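Chains, contacts and geometry: an overview
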Amino acid sequence: KNEVEQSPQNLTAQEGEFITINCSYSVGISALHWLQQHPGGGIVSLFMLSSGKKKHGRLIATINIQEKHSSLHITASHPRDSAVYICAVGGYNTDKLIFGTGTRLQVFP
Amino acid sequence: NAGVTQTPKFRILKIGQSMTLQCTQDMNHNYMYWYRQDPGMGLKLIYYSVGAGITDKGEVPNGYNVSRSTTEDFPLRLELAAPSQTSVYFCASSYSSGGYGDTQYFGPGTRLTVL
């Protein structure tokens, strides 16, 4: 079993829909990251969370440390949101991140 | 700032050839990482460095070597290329440890095919 599991693996949506991507992890963590990888391949960091909730524009990320679970929400989705969304966790006393396999999102007009 | 740059963008190697993937960052970051991304798989850490002169193995180091002689550069060397090394390679950097929450900045990637 992977230490970081994402669901769903693939997601299609119509423009305007509310999107939720889930990330569950099995290790103790100090931080959780959400990243976005566009079809061209570039990877950018969206959020870093250690507790609670963060919002940036139409993106909202939440984390529940007790349940070892995080969600990434996209409100009013748009075709430009089409990308792979990757969850990664960093443990205590480690310099490394453990990555999920990603959720591929396609938003159609 | 250019951020993290990688060269080349694409490369085709024959089995047994060697090459160096270049990575440079201009953000004065201490930490640098090399990852590989295989289709349908998560990013796997090959090697990382916490500062000039200090490197350590990640999850999948076999077949690769690294060096870190300056803060800016972190080249990845492939010796005796094998088809299993066909992948997309990403270099990343951060000021402090990603495990403690610091953002990692990624380069654009190098797509390597070994035939």
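Residues numbered from 1 in each chain as written. Chains lettered and ligands numbered in written order. Predicted model: local features only at pLDDT ≥ 70, side-chain atom pairs only at ≥ 80, totals over all residues. Heavy atoms only, no water.

A short note on the overall build of chain A
- When helices and strands are tallied, chain A shows zero helices and eleven strands.
- In chain A, the succession of α and β elements from N to C terminus is β-β-β-β-β-β-β-β-β-β-β.
- In terms of overall size, chain A behaves like a compact globule, its C-alpha atoms giving a radius of gyration of 13 Å where 109 residues would be expected to give roughly 13 Å.
- In terms of principal-axis extent, the alpha carbons of chain A reach across some 45 × 25 × 25 Å.
- When burial is assessed residue by residue, chain A has 45% of its 109 residues classed as buried.
- The contacts of chain A with a sequence gap of at least 6 include a subset with a gap of at least 24, amounting to 54%.
- Of the roughly 5,300 Å² of accessible surface on chain A, a fraction of 49% belongs to carbon and sulfur atoms.
- Looking at chain A, you have 9 positive and 7 negative side-chain charges, and the mean spots of the two groups are 5 Å apart. (Helix = DSSP H or I, 4+ residues; strand = E, 2+ residues; numbered from the N terminus. Rg over C-alpha atoms; globule rule 2.2 N^0.38 Å. Buried < 20%, exposed > 50% of the residue type's maximum accessible area, 1.4 Å probe, protein only. Contact = heavy atoms within 4.5 Å. Areas by Shrake-Rupley, 256 points an atom, 1.4 Å probe, with all protein chains shown as cover. Lys, Arg positive; Asp, Glu negative; His and termini not counted. Charge placed at Lys NZ, Arg CZ, Asp CG, Glu CD.)

Side note on the nonpolar core
- Residues A:Y25, A:I29, A:L32, A:W34, A:L72, A:Y85 and A:V89 are the most contacted members of the largest nonpolar core, which totals 23 residues.
- The set of elements that each furnish at least two residues to this core consists of β3 (19–25), β4 (31–37), β5 (43–49), β7 (59–64), β8 (69–74), β9 (83–90) and β11 (103–108) of chain A.
- Ranked by size, the runner-up nonpolar core spans 19 residues in total, among them B:V4, B:M19, B:M32 and B:I46. (Core = buried A, V, L, I, M, F, W, Y, C linked by side-chain atoms within 4.5 Å.)

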